[in-house]
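Secondary and tertiary structure notes
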Amino acid sequence: MTEINGIMLLMGALLLISILAAAVSNRLGAPLLLSFLIIGMLAGEEGVLRIQFNNPTVAFFIGSLALVIILFDGGMRTHKERFRVALWPAISLATVGVALTCAITAAAVVWLFDLPWPIALLIGAILSSTDAAAVFGIFQSQNMRIKQRVAATLEIESGTNDPMAIILTMTVTAMIATAQEFSWWVITVDVLQQLLLGLVVGWFGGRTFVYMARKLTVQFSFFPLLAAASAVVVFALTSGAGGSGYLAVYLMGFVIGNSRLPQLMHILQVQDGLAWLSQIMMFLILGLLVTPSHLMEHWQLSLTVALLMIFIARPIAVWVSLLPFTFPWRDQVFISWVGLRGAVPIILALYPWLMNIENQQLFFDIAFVVVLISLILQGWTLAGLARWLGLEVPPSAEPDGRMPLDRVSSKDPLELFAFNMTERSPACDHSWNELRWSVPVECVGVLRAGEWYPNHSSLRFSDGDTLMVVAKAQHVDDVSRVLAAGGQRQTLNSTSFFGDFSLRGDVTLEAVAAFYPVGQLPAESAHHTITSYFDQKFYRRVVVGDQLKLGGVQLTVRELDEQSGAIATVGVKLLSTSNN
Amino acid sequence: MDLSTLLHPDCTRRAVEVTSKKKALELLGQLAAPRLANASAFDVFESLLSRERLGSTGIGFGIAIPHGRVADGSKPVAILITLADAIDFDSIDNQPVDIIFALLVPESHHEQHLHTLQAVAQRLNDKQCTRAMRDAHDDMALYQAFIRCNS
């Protein structure tokens, strides 16, 4: 009994400390995952608590389960609209990019350290997946938004390249373990089979879950658990049938996340917690498993591999993968640098260990060091780099609080939004009657000094009030535009970023020239509309925040039409000229 | 650019009654024309209207800053009006407009004065300033409120 108590105390305490550490590391701008890993190491055999944990099977089991939850969560949060600019580039990165990163790293390791090809390839495969959750965690903690072309590409890439790296690792490991002759043919067929099965089962699993959730009447709290359980089932079924279970759960998450299911908000909230728990558990257990003193045994190899991947393999792979899509160079530099490695490589490195391959510890130690270096070097610098490259865009207006009304069944999910009124809100100094709306919305009262005023119709909103409204969840942007404060505290404010005035996307450059000093327009571009001009310059992948200079003015894309992706408005900003 | 030399008390009107964006632009034309050498009220109206066709100059917070070019021959002219009842202006925040500052610039001085627009926008972004303008009792008070705003 005392033993069980001891284990529980230990587990609870580790979790508690990790969460408390998260608050501290957020303030330092450090990657959260790094602190979980370090806490695990501190608790481990050579740390403070000296816990002996040396069981790769348990670690692999927990790690895989955690990955299923994390990928499922990532899929649910991937919005369909992001696909417009990022789907194919991301898929190219996740396939061609992963293969290239793996091949370049392997070739260099063979050349520099004289290791056999299969071992070198295994090192490359283990390390080829990237982790976007770490990246977005850092942006979120700094309240920073980056251009969607970059953000969506990184996000979809990291969701889809995990399966790819896993498939590669498993295949190469199996090949080494069974001493099969090395054959590209076998690898290719296996990879294709895994991808195809993963896609089919994942899509089908998602549709089935949505159908089930619409028909089923169970207690409301069960839906998130139902989702998580279904993901684990789909994962196990797909893997059992020889497909990629990870791809299947990612796709399943995507199908569910884009289904407008009334229970979706609730599922997402619980999933958020589950995904964090998974991240913490995974990193803690990996930190526990490692023997820090072993890490130094292969330090030359580890360090070389880390630097190679960061400075050579990833940039080349990104450049080649994005070649057909002609991304702006700033985007490419950033995507190259943000090949952040997370827990996946360390978990993959357990696989050869479990299969009892020769030098089993080698892979684990290398993977661990590479992930550490990547988290520290890239994780700590990426916010600064994004700013320096001008990829930051002003955060969009949003409510200060959101409560889904998901227990009320309506055709479109409803939400209650709360807005803290400040002088920077367009609605300030006005009463509810004076506001105009393009979408249906109803006010449910004002909170003033903590008191609720439901009879609000002639009350003038002033600084310090909290306004509560009910609207459809999909109209959050239209409502926020009028009620939310336009970023005074934010690092980047809309007016200085976009300029004061705006133009419609469908006017011609010639017409703009009649009012603003756009300089000499080349004859062929005078008849372009703003939309077609941007489309040409950004190869049809225009996102909010893209800028073009024309003579003395700067045009910045301000709003896109959600359906067509065409430019709705651009901001005009006059550049300061010498005669002023 | 000193805004007080640009705006004349004669071109400042408080609590004007207009019912639409088009009517407001027409009124701006009538107020500006007497101070312009080579442009009629209709020319001004047309210039402002063609700028609005490219996208509204309503910058949000109930403020619009229409602007346009007129034939050479006189100094730039600014007009400031507040409205008795706010009107739809297709503003960026979708809300009706009740403060309008218009600027008309002769063609050859066009570029320099675009920076004046930015200074005006900055000034009107200040809530203290617009509150004072909305509270003004007469045309002169409105003029003073605008001039006294510090940016």
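The residue count restarts for each chain, going from 1 along the sequence in the order it is written. Each chain gets a letter, beginning with A, and each ligand a number, beginning with 1, in the order they are written. With pLDDT at 70 or above as the cut-off, local features in this predicted model cover only qualifying residues; side-chain atom pairs require 80 or more to be listed or tallied, and sums for whole chains, interfaces and linings still use all residues. The basis for every side-chain value is the complete set of heavy atoms in the structure, and neither hydrogens nor water enter the calculation.

Remarks on the overall build of chain A
As a reminder, the rule being used: Put simply, DSSP marks the helices as runs of H or I at least four residues long and the strands as runs of E at least two long, and each gets a number from the N terminus on. We take the radius of gyration over the C-alpha atoms and set the globule estimate at 2.2 Å times the residue count to the 0.38 power. The cut-offs for exposure are 20% and 50% of the maximum accessible area for each residue type, with area from a 1.4 Å probe on protein chains only; residues under the lower value are buried, those over the upper are exposed, and the others partly exposed. Here, two residues are considered to be in contact whenever any of their heavy atoms come within 4.5 Å of each other.
Of the regular secondary structure elements, chain A holds 20 helices and 11 strands. Taking 25 Å as the expected radius of gyration for a compact globule of 580 residues, we find that chain A reaches 26 Å, a close match to that expectation. Here the C-alpha coordinates of chain A stretch approximately 75 × 65 × 45 Å along the principal axes. In chain A, which comprises 580 residues, the share counted as buried stands at 54%. Summarising the internal contacts of chain A: among those between residues at least 6 apart in sequence, 74% fall at separations of at least 24.

Some remarks on unusual backbone geometry
Residue and element names in this part refer to chain A. The backbone of Thr326 shows a phi angle near 40 degrees, a positive value even though the residue is not glycine. Note that Thr326 resides in the loop between α13 (299-322) and α14 (329-337). Positive phi, normally seen in glycine, also occurs at Ala449, with a value near 50 degrees. Relative to the elements of secondary structure, Ala449 occurs in the loop between β5 (441-448) and β6 (451-453).

Some thoughts on the interface of chain A and chain B
This is how the line gets drawn: When two components associate, each loses some accessible surface as probed by a 1.4 Å sphere; the sum of these losses over both components is called the buried area. Polar contact is the term for a pair of N or O atoms within 3.5 Å; when the atoms are in protein, one must be able to donate a hydrogen and the other to accept it, and sequence-neighboring residues count only if both atoms are side-chain atoms. For this scheme, ten residues count as nonpolar: Ala, Val, Leu, Ile, Met, Phe, Trp, Tyr, Cys and Pro. Four count as charged, namely Asp, Glu, Lys and Arg, and the remainder, Gly too, count as polar.
The partner chain B presents 33 residues to the 35 residues of chain A that form the contact. Both faces considered, chain A and chain B share a buried interface measuring about 3100 Å² in area, 52% of it formed by carbon and sulfur atoms. The largest per-residue losses of area from chain A upon contact with chain B belong to Arg436(A), Phe501(A) and Phe515(A), which jointly make up 25% of the total buried on that side. There are nine residue pairs in polar contact (both at pLDDT 80 or more) connecting chain A and chain B. When contributions to the side of chain A that touches chain B are tallied by element, the ones reaching two or more residues are α17 (476-483), β8 (501-504), α19 (509-513) and β11 (567-574) of chain A. Top element by residues in the side of chain A that touches chain B is β8(A). It accounts for four residues. Considered class by class, the residues forming the side of chain A that touches chain B number 17 nonpolar, eight polar and 10 charged.

A few points about the packing of helix α4 (residues 83-113) of chain A against helix α7 (residues 148-177) of chain A
To describe two helices that pack against each other, one gives the angle between their axes and the distance between the axes. Residues and elements named next belong to chain A. For clarity, the cut-off: Note on geometry: axes are C-alpha line fits, over the in-contact stretch for helices, and angles between N-to-C directions span 0 to 180 degrees. Roughly parallel means an angle under 35 degrees; roughly antiparallel, over 145; roughly perpendicular, 65 to 115; everything else is oblique. Here is the rule for handedness: rotate from the far helix to the near one, and if that takes an anticlockwise turn smaller than a right angle the crossing is left-handed, while a clockwise turn gives right-handed.
Between α4 and α7, whose axes approach to 7 Å, the crossing angle comes to 40 degrees. In terms of their interaxial angle, α4 and α7 are classed as oblique. In this structure, α4 crosses over α7, and the sense of that crossing is right-handed. Of the residues in α7, those touching α4 at Phe83, Val85, Ala86, Leu87, Pro89, Ala90, Leu93, Ala94, Thr95, Val98 and Cys102 are Gln148, Arg149, Ala152, Thr153, Ile156, Glu157, Thr160, Asn161, Met164 and Leu168. For the contact of α4 with α7, a count of residues per class yields 14 nonpolar, five polar and two charged.

So, α7(A)
Side chains of residues three or four places apart in an α-helix project in the same direction, reflecting 3.6 residues per turn. All names here are of chain A. Stated precisely, the cut-off is as follows: Any helix carries an expected span of 1.5 Å times its number of residues minus one.
For α7, which comprises 30 residues, the first-to-last C-alpha distance of 43 Å matches the rise-based estimate of 44 Å (1.5 Å per residue) to within 8%. For α7, the buried fraction is high: 25 of the 30 residues fall into the buried class. One or two residues past the end of α7 sits Ala179, with phi positive at roughly 55 degrees.

Topic: the pairing of strand β4 (residues 414-420) of chain A
Every other side chain in a regular strand lies on the same face of the sheet, so the side chains alternate between the two faces. All names here are of chain A. We apply this condition: Between any two strands, pairing holds if DSSP finds at least two bridges.
For β4, a buried count of five out of seven residues is recorded, marking the element as mostly surrounded by other parts of the structure. Note: strand β3 (residues 401-404) against β4, four bridges, orientation antiparallel. Counted as the bridge partner of Arg402 is Phe417 from β4. Pairing analysis gives seven bridges linking β4 to strand β7 (residues 466-472), with the strands arranged antiparallel. Bridge assignment links Asn420 to a residue of β7, and that residue is Thr466.

Section: the pattern of salt bridges
Residues and elements named next belong to chain A. Applied cut-off: For this document, the term salt bridge refers to a Lys or Arg side-chain nitrogen within 4 Å of an Asp or Glu carboxyl oxygen.
On inspection of all chains with the given rule, the structure shows 20 salt bridges over all chains. Note that Arg77 is salt-bridged to Asp272, the shortest N-O span being 3.9 Å. A residue pair is termed long-range when its members are at least 10 positions apart, and Arg77 in the loop between α3 (56-76) and α4 and Asp272 in helix α11 (residues 264-289) qualify at 195 residues. For Asp272, a relative accessible area of 35% translates into the label partly exposed. Connected through salt bridges with shared partners, the residues Lys147, Arg149, Asp331 and Asp546 form a single ionic network.

Considerations on the packing of α3(A) against helix α9 (residues 222-240) of chain A
Residue and element names in this part refer to chain A. One way to put it is that α3 packs onto α9 with a least axis distance of 10 Å and a crossing angle of 115 degrees. Seen along the crossing, α3 lies across α9 with a hand that is right-handed. Mapping the contact onto sequence places Leu65, Val68, Ile69 and Phe72 in α3 and Ala227, Ala228, Ala231, Val232 and Phe235 in α9. Broken down by class, the residue content of the contact of α3 with α9 amounts to nine nonpolar, no polar and no charged.

Remarks on α14(A)
Burial in α14(A) covers these residues: Asp331(A), Gln332(A), Phe334(A), Ile335(A), Ser336(A) and Trp337(A). Along its buried surface, α14(A) packs onto α4, α6 (132-141), β1 (145-146), α7, α13 and α16 (360-388) of chain A.

Overview of the sheet that holds β3(A)
All names here are of chain A. If you walk across this open sheet you meet the five strands as β3-β4-β7-β5-β6, and the pairing is antiparallel. With one partner strand each, in any of the chains shown, β3 and β6 form the two edges of the open sheet. Going from strand to strand, the sheet's axes swing by 25 degrees on average, the running direction of each strand aside.

Focus: the domain arrangement of chain A
Residues and elements named next belong to chain A. Worth spelling out the cut-off: Where each domain begins and ends is defined by an automated method or by a domain database.
The domain architecture assigned to chain A consists of domain 1 (2-388), domain 2 (401-483) and domain 3 (494-579). Using C-alpha coordinates to define each centre, domain 1 is positioned 39 Å away from domain 3. Contacts between the two partners involve 11 residues from domain 1 and, on the opposite side, 11 residues from domain 3. Across the domain 1/domain 3 interface, buried area totals approximately 930 Å², and carbon plus sulfur atoms make up 52% of it. Ranking the residues of domain 1 by area buried against domain 3 places Arg84, Lys147 and Arg149 at the top, with a combined share of 54%. Linking domain 1 with domain 3 are two salt bridges, by the criterion used here.

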